[in-house]
Protein chains: 2
Amino acid sequence: MKHSHTIGEAAAASGVSAKMIRHYEKIGLIEAADRTDAGYRLYTPADIHTLRFVRRARNLGFSVDDISELLDLWKDSARASKDVRRVADGHLSALRSKAAEIHSMIDALEHLFENCTNDERPDCPILKDLADDANPARAKDVGHKFGFERVC
Amino acid sequence: MKHSHTIGEAAAASGVSAKMIRHYEKIGLIEAADRTDAGYRLYTPADIHTLRFVRRARNLGFSVDDISELLDLWKDSARASKDVRRVADGHLSALRSKAAEIHSMIDALEHLFENCTNDERPDCPILKDLADDANPARAKDVGHKFGFERVC
DNA sequence: GATAGGGCTTCCCATCATTGGAAGGTCAAG
DNA sequence: CTTGACCTTCCAATGATGGGAAGCCCTATC
């Protein structure tokens, strides 16, 4: 084949490590590459194009399953924008949930910090709260995500 | 021992699953529990207190390593608030970075969505961008975290 | 007292994406 | 021909959790 590259070149050109390229091949995300007589994998510019697609989607946090679906849509010239939107929208929702979750943690920690004196006194409110056993009976406060209803 | 509980009771009272309690014991996060003659683990209220501490710290996203350190500080009555702050502050920084990263992804995806028509036309800009190979030479744009400098 | 059920035990495997290493084959330049 | 950089495969580990199998233990009911 013309313009074929080794896995190292494909890795450098695509931004996906050689290790991960082999991995993606093994799990079936990308097709098995052609080989030289010696068994070296060979990559065409089109393959590298695909790898760049994969890297960009990974950088956006898409799961391998998502990317597999996106690749199918990408290769299918008849695919509709709304199918892509469906995948991307699901991912966007997951990202927003994750962001909310992280902000809850940040808020809780910042709240504790406000009362933390940063001095040598051993009555740190952060530990105090984590250890707070004042009401051990309500062990099943599952509704309160971070067990912080009694804090501060 | 008085007031000893089975692992199931400890799990219900602490909010940590029995599976995870055994796991935490195996990896050394908590001490090995006493056993009955039959080999059942026994947990005192103090043990359950510790488990609640662990659960709360996990809910705040602390890693097992962080929690291990927090537990040491907790048990050491001479520990200083600033040591706890150090651990918690490191964790808070990591959370803020993670939040920023996620918001970058969300912004990038939302930006693409603005131009996505959600109709049957196959020229979806989301795929188009992921596939964009207009400038394949700059494969090492590591500085641009999401490979999005050319988008939209 | 036998039996059924549920809880307990250990051990192994799976997830998810990625990285590391070991042991060995191949290629190009010096 | 040697050296060193590259390639190959396979195996293992990460971190936190879950699932399941095989088997033991305890209690309640018949």
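Residues numbered from 1 in each chain as written. Chains lettered and ligands numbered in written order. Predicted model: local features only at pLDDT ≥ 70, side-chain atom pairs only at ≥ 80, totals over all residues. Heavy atoms only, no water.

*Asks:* Could you clarify how one ought to interpret the packing of helix α3 (residues 45-59) of chain A against helix α4 (residues 64-75) of chain A in this entry?
*Replies:* Residue and element names in this part refer to chain A. At a minimum axis distance of 10 Å, the contact between α3 and α4 shows a crossing angle of 135°. One way to sum up the angle between α3 and α4 is to call them oblique. At the point where α3 passes α4, the crossing takes the right-handed sense. For the pair α3 and α4, the contacting residues are His49, Thr50, Phe53, Val54, Ala57 and Arg58 in the first and Ile67, Leu70, Leu71 and Trp74 in the second. Across the contact of α3 with α4, the residue classes tally to 7 nonpolar, 2 polar and 1 charged. (Axes fitted to C-alpha atoms, helices over the stretch in contact; angles between N-to-C directions. Helix = DSSP H or I, 4+ residues; strand = E, 2+ residues; numbered from the N terminus. Parallel < 35°, antiparallel > 145°, perpendicular 65-115°, else oblique. Left-handed = near helix turned anticlockwise from the far one by under 90°. Contact = heavy atoms within 4.5 Å. Nonpolar A, V, L, I, M, F, W, Y, C, P; charged D, E, K, R; others polar.)

*Asks:* Sorry, what's going on with the pattern of salt bridges here?
*Replies:* Where side chains of opposite charge bring their charged atoms close, a pairing between them can arise. The final tally for this structure, using the stated rule, is 6 salt bridges over all chains. Here A:Glu25 and A:Arg35 are joined by a salt bridge, their closest N and O atoms 3.7 Å apart. Here A:Glu25, found in helix α2 (residues 18-26), pairs with A:Arg35, found in strand β1 (residues 34-35); they are 10 residues apart in sequence, far enough to count as distant. For the salt bridge of B:Arg86 with B:Glu69, the shortest nitrogen-to-oxygen distance reads 3.0 Å. With B:Arg86 in helix α5 (residues 81-114) and B:Glu69 in helix α4 (residues 64-75), the pair connects residues that are 17 residues apart, well separated along the chain. Note on B:Arg86: relative accessible area 47%, which makes it partly exposed. Sharing partners across several salt bridges, the network here consists of A:Glu25, A:Arg35 and A:Arg41. (Salt bridge = Lys/Arg side-chain N within 4 Å of Asp/Glu carboxyl O. Buried < 20%, exposed > 50% of the residue type's maximum accessible area, 1.4 Å probe, protein only.)

*Asks:* How do you make sense of the confidence of the model for chain A when you look at a structure like this?
*Replies:* Close reading of the predicted structure is inappropriate where its pLDDT is low. Residue and element names in this part refer to chain A. Mean pLDDT over chain A works out to 75, with 70% of the residues at or above the 70 mark. Ranking the elements of chain A by mean pLDDT puts helix α6 (residues 125-131) last with 56 and strand β2 (residues 41-42) first with 97. Note that residues 134-152 has pLDDT below 50 and, in this model, 31 contacts with residues that lie over four places away or in other chains. (pLDDT = per-residue confidence, 0-100.)

*Asks:* What should I look at first to understand the nonpolar core in this one?
*Replies:* If you look at soluble globular proteins, the nonpolar side chains tend to sit buried side by side. Counting residues in each nonpolar core, the largest one holds 67 residues, and the members touching the most others are A:Ile21, A:Phe62, B:Ile21 and B:Phe62. Beyond its immediate chain neighbours, meaning those up to four positions away, B:Ile21 contacts B:Ile7, B:Ala10, B:Ala11, B:Ser14, B:Val16, B:Ile30, B:Tyr43 and B:Leu51. (Core = buried A, V, L, I, M, F, W, Y, C linked by side-chain atoms within 4.5 Å.)

*Asks:* Is there a simple way to explain α2(A) in this structure?
*Replies:* It helps to recall that an α-helix has 3.6 residues per turn; residues three or four apart then point in one direction. Residue and element names in this part refer to chain A. Restricting attention to buried positions, one finds in α2 the residues Ile21, Tyr24 and Glu25. Taken around the axis of α2, the buried residues stretch over an arc of 100°, which confines them to a single face. Away from its buried face, by an angle of more than 90 degrees, α2 presents the exposed residues Lys19 and Lys26. Considering only its buried residues, α2 is in contact with α1 (7-14), β1, β2, α3 and α4. (Arc of directions from axis to C-beta.)

*Asks:* Can you walk me through the protein's contact with DNA strand C in this structure?
*Replies:* The local shell around DNA strand C holds 19 residues, among which A:Lys19, A:His23, A:Tyr24, B:Arg22 and B:Tyr40 are the closest. Counting only atoms of DNA strand C within 4 Å of the protein, the sugar-phosphate share comes to 66%. Between DNA strand C and the protein, one listed contact pairs a phosphate oxygen with a side-chain N or O atom of A:Tyr24 at 2.7 Å. Measuring from a base nitrogen of DNA strand C, one finds a side-chain N or O atom of B:Tyr40 at 2.7 Å. Elements with a minimum of two residues in the surface near DNA strand C: α2 of chain A together with α1 (7-14) and α2 (18-26) of chain B. Ranked by residue count, the leading element in the surface near DNA strand C is α2(A), at 4 residues. Here the surface near DNA strand C is built from residues that sort into 7 nonpolar, 6 polar and 6 charged. (Near = heavy atom within 4 Å. Polar contact = N/O pair within 3.5 Å; in protein donor to acceptor, adjacent residues only side chain to side chain.)

*Asks:* Is there a simple way to explain the protein's contact with DNA strand D in this structure?
*Replies:* In the vicinity of DNA strand D there are 19 residues, among which A:Gly8, A:Arg22, A:Arg41, B:Lys19 and B:Tyr24 approach most closely. Counting only atoms of DNA strand D within 4 Å of the protein, the sugar-phosphate share comes to 70%. A distance of 3.0 Å separates a phosphate oxygen of DNA strand D from a polar side-chain atom of A:Arg35. B:Lys19 places a polar side-chain atom, nitrogen or oxygen, 2.3 Å from a base oxygen of DNA strand D. Of all the secondary-structure elements, those providing two or more residues to the surface near DNA strand D are α1 and α2 of chain A together with α2 of chain B. When residues in the surface near DNA strand D are grouped by element, the largest group, 4 residues, is from α2(B). Tallied by class, residues from the surface near DNA strand D come to 7 nonpolar, 6 polar and 6 charged.

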